[in-house]
Amino acid sequence: MTMKQMMKRIIPTTAWVGLRNLKGRLCGARAEGAQSKRFKRWYSRDESTDKTRVETRLAFDIHRLEKGLSHVGFRDGFGKGVLAEISKRMVLLEKADSNYEKNPLYLQGLAVLHEYQHRHEEDGYDLSEAKCLFPARIWEAAHEYRPEDSIEAGSFVMNSSSKKDNLSRGFVDLAEHRYSVREYSSEPVPQELLDKVYEVSMKTPSVCNRQATRVYQITDPGKVAEALEIQGGFKGYAVPPVLLLVTSDIRAFMNNGERNEPFVDGGLFSMSLLYALEAYGLAACPLNAMFSLDQDRRTRELLDIPDYEFPVMYIAVGNFPESVPVCRSTRRLPESIITRI
Ligand SMILES: Cc1cc2nc3c(=O)[nH]c(=O)nc-3n(C[C@H](O)[C@H](O)[C@H](O)COP(=O)(O)O)c2cc1C
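Just so you know, these numbers come straight off a predicted model, no measurement behind them.

## Describing the UniProt feature "domain: Nitroreductase" (unreviewed entry) in the chain
Here is step 1: Look at the UniProt record and you will see "domain: Nitroreductase" (unreviewed entry) annotated at residues 176-226 and 241-318.
Here is step 2: As a span, residues 176-226 carries 35% helix and 12% strand, and end to end its C-alpha atoms are 33 Å apart.
Here is step 3: For the annotated span residues 241-318, helix accounts for 38% and strand for 32% of the residues, and the straight-line distance between the end C-alpha atoms is 6 Å.

## Here we look at the side chain of Ser 248
Here is step 1: If you trace the backbone, Ser 248 turns up in strand β3 (residues 242-249).
Here is step 2: We classify Ser 248 as buried; its relative accessible area is 0%.
Here is step 3: Among all residues touching Ser 248, those that are not within four sequence positions of it are Ala 212, Thr 213, Pro 262, Gly 266, Tyr 308, Glu 309, Phe 310 and Val 312.

## Side note on the site of the ligand
Here is step 1: In the vicinity of the ligand there are 15 residues, among which His 63, Lys 67, Ser 180, Arg 182 and Arg 331 approach most closely.
Here is step 2: Between Arg 182 and the ligand, the recorded distance is 2.7 Å, taken from a side-chain N or O atom to an oxygen atom.
Here is step 3: Arg 331 places a polar side-chain atom, nitrogen or oxygen, 2.7 Å from an oxygen atom of the ligand.
Here is step 4: Surface burial for the ligand is 73%, taken as the share of its 620 Å² of free accessible area covered by protein chains.
Here is step 5: Given that more than half its atoms are within 2 Å of the pocket grid, the ligand belongs to the second largest pocket.
Here is step 6: Of all the secondary-structure elements, those providing two or more residues to the shell around the ligand are α3 (51-69) and β4 (282-288).
Here is step 7: Broken down by class, the residue content of the shell around the ligand amounts to five nonpolar, six polar and four charged.

## Some details on the pairing of strand β6 (residues 323-327)
Here is step 1: Of all five residues that make up β6, four are buried, and the element is covered over most of its length.
Here is step 2: Both strand β1 (residues 155-159) and β6 contribute to a ladder of five bridges, which runs antiparallel. Counterpart to Ser 155 in the pairing with β6 is Cys 327.

## Brief notes about the packing of aromatic side chains
Here is step 1: Following the criterion strictly, the structure yields ten aromatic pairs and no others.
Here is step 2: Ring geometry for Phe 74 against Phe 78: centres 5.6 Å apart, planes inclined by 80°, an arrangement best described as edge-to-face.
Here is step 3: Members of the aromatic cluster, joined through ring pairs, are Phe 74, Phe 78 and Tyr 116.
Here is step 4: For Arg 119, the ring lying beneath its charged end belongs to Phe 74, and the centroid distance is 4.3 Å.
Here is step 5: Between the NZ or CZ atom of Arg 251 and the centre of the ring of Tyr 308, over which it lies, the distance is 3.5 Å.

## Remarks on the packing of helix α9 (residues 191-201) against helix α11 (residues 261-279)
Here is step 1: It is at 9 Å that the axes of α9 and α11 come closest, and there the two elements cross at 135°. Compared by their axis directions, α9 and α11 come out oblique. Seen along the crossing, α9 lies across α11 with a hand that is right-handed. Contacts from Leu 194, Val 197, Tyr 198, Val 200 and Ser 201 in α9 reach Phe 269, Ser 272, Leu 273, Ala 276 and Leu 277 in α11.
Here is step 2: Partitioned by chemical class, the residues of the contact of α9 with α11 number eight nonpolar, two polar and no charged.

## Some thoughts on the domain arrangement of the chain
Here is step 1: Per the domain assignment, the segments making up the chain are domain 1 (51-153) and domain 2 (159-325).
Here is step 2: Using C-alpha coordinates to define each centre, domain 1 is positioned 30 Å away from domain 2.
Here is step 3: Taken together, the contacts link six residues of domain 1 with six residues of domain 2.
Here is step 4: For the pair domain 1 and domain 2, the summed buried area comes to about 550 Å², and 47% of that belongs to carbon and sulfur atoms.
Here is step 5: Ranking the residues of domain 1 by area buried against domain 2 places Lys 67, Ser 70 and His 71 at the top, with a combined share of 73%.
Here is step 6: For the interface between domain 1 and domain 2, the tally reads zero salt bridges.
Here is step 7: Between the two partners, domain 1 and domain 2, sit four residue pairs in polar contact (both at pLDDT 80 or more).
Here is step 8: Each residue belonging to the side of domain 1 that touches domain 2 can be placed in one class, and the counts come to one nonpolar, four polar and one charged.

## Observations concerning the state of the cysteines
Here is step 1: Evaluated as defined, the whole model comprises zero disulfides.
Here is step 2: Distance from the sulfur of Cys 285, which forms no disulfide, to the nearest cysteine sulfur (Cys 327) is 8.4 Å.
Here is step 3: Accessibility expressed as a relative area gives 0% for Cys 285, which makes it buried.

About the thresholds
In every chain, residue numbers begin from 1 and rise along the written sequence. Per-residue local features of the predicted model are confined to residues with pLDDT of at least 70, and side-chain atom pairs are confined, for both listing and counting, to 80 or more; whole-chain, interface and lining totals are unaffected and use all residues. Values reported for side chains reflect all heavy atoms of the structure, with hydrogen atoms and water molecules removed beforehand. UniProt positions are given in the numbering used here, feature names are shortened, and annotations may be inferred rather than shown by experiment. Runs of E in the DSSP output that reach at least two residues are strands. Runs of H or I that reach at least four are helices, and both are numbered from the N terminus. Only protein chains enter the calculation, and the probe is 1.4 Å; a residue is then buried if its accessible area is under 20% of its type maximum, exposed if over 50%, and partly exposed in between. Contact between two residues is taken to exist if any of their heavy atoms lie within 4.5 Å; hydrogens are not considered. Throughout this document, a residue counts as near a molecule or strand when at least one of its heavy atoms sits within 4 Å of that molecule or strand. What qualifies as a polar contact is a pair of N or O atoms within 3.5 Å, subject to a donor-acceptor requirement within protein and to the restriction that residues adjacent in sequence count only when both atoms come from side chains. Computed by Shrake-Rupley with a 1.4 Å probe, the accessible areas treat only the displayed protein chains as cover when residues are assessed. Cavities and pockets were defined on a 1 Å grid built over protein atoms only: a cavity is a set of grid points that admits a 1.4 Å probe from which the probe cannot escape, a pocket is an open set flanked by protein on both sides within 12 Å along at least five of seven lines, and lining residues are those with an atom within 4 Å of any such point. Throughout, a molecule is located in a cavity or pocket provided that more than half of its atoms lie within 2 Å of its grid points. Under the scheme applied here, ten amino acids are nonpolar (Ala, Val, Leu, Ile, Met, Phe, Trp, Tyr, Cys and Pro), four are charged (Asp, Glu, Lys and Arg), and all others, including Gly, are polar. Whether two strands pair comes down to DSSP finding at least two bridges between them. Each Phe, Tyr or Trp ring, with Trp reduced to its six-membered ring, pairs with another whose centre is within 6.5 Å; inter-plane angles below 30 degrees give stacked pairs, above 60 give edge-to-face pairs, and intermediate values give tilted ones. Consider the ring centre and the ring normal. A charge sits over the ring if Lys NZ or Arg CZ is within 6 Å of that centre and within 35 degrees of that normal. Axis lines are fitted to C-alpha atoms, over the contacting stretch for helices. Their N-to-C directions set the angle, which ranges from 0 to 180 degrees. Angles are sorted into four bins: roughly parallel if under 35 degrees, roughly antiparallel if over 145, roughly perpendicular if 65 to 115, and oblique for all others. Crossing handedness is read from the near helix: turned anticlockwise from the far helix by less than a right angle, it gives a left-handed crossing, and turned clockwise, a right-handed one. Delimitation of the domains relies on an automatic or database domain assignment. Throughout, buried area stands for the accessible area (probe radius 1.4 Å) lost by two parts on being put together, summed over both. Think of a salt bridge as a Lys or Arg side-chain nitrogen and an Asp or Glu carboxyl oxygen that are within 4 Å of each other. Note on terminology: pairs of cysteine sulfur atoms within 2.5 Å are recorded as disulfides.

Next up, the structure:
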């Protein structure tokens, strides 16, 4: 007889179940602590100087500049703070990567800066203040950068006519032409179209088919505006006609080992929503909902989100305007992320 079998005989069943639960909770707490420590060990900090983490911060700031460049209300001279960050990270990347001239993020930095310079020159805007933020070699390299030769970054204008027959397009075509759209036409979004989007998104897989995802459809302009004000990542854009909040119902999960599953399932569901919206010819942009405690409390109060749900992400939705500038959001090459084992 094993030790475990002997213990089971001696200890009453209720106590045995209690012990097993306690062991589960302790193991869960240890895994949670280890996960949190690992995250803190490795996330990209302002003071990080290694290649990967410098690239992370550079990608973040390139995207901020792209957002400014793709803004319908483009404002000459915007983004001094972001430019200073891009300059700092490109200099760090020159040190961190001996092959930096071919580094995709470095090239994206040059490309986005090239568009910034070009757009301002077209407007006859004096860029001497921005120029001072960069070492001369980077500023000049950006000037000479020919995006068509290599990696592109920045913005381009998308026409809504290209979306007309989305429903009959194949998946690859649809996925390759989806872009986050942050500015919408003034037409209301038909409810029957949204219902079709929800219908197809219900086919999203979930752990043991427990279907924890919940969606809040917000159309009251005051509430949409307030929710986005709390969210903070959609500043400077008009209020979208529809805002979806994707959440996960924690009651669908069964132990601490599943604590990340709400975000996995909710993330998958969100991607289904994004593709379904694209297929039905609606414009959309996913928006961060990883809130601080204060943002979390205010959002719950505003939208009446129960304590047993985790916010996963927002999705702003609207109709495509006739044409709209979008960020290129250049992707890495597959070979840079795939490991064959
Ligand atoms: C979880 C998540 C959070 C995001 N948060 C924001 C946000 O707060 N503000 C914003 O303008 N875009 C946000 N985005 C959109 C990304 O910037 C965009 O998806 C990315 O640059 C890729 O571009 P694409 O969607 O055009 O392919 C978010 C995207 C995801 C997936």
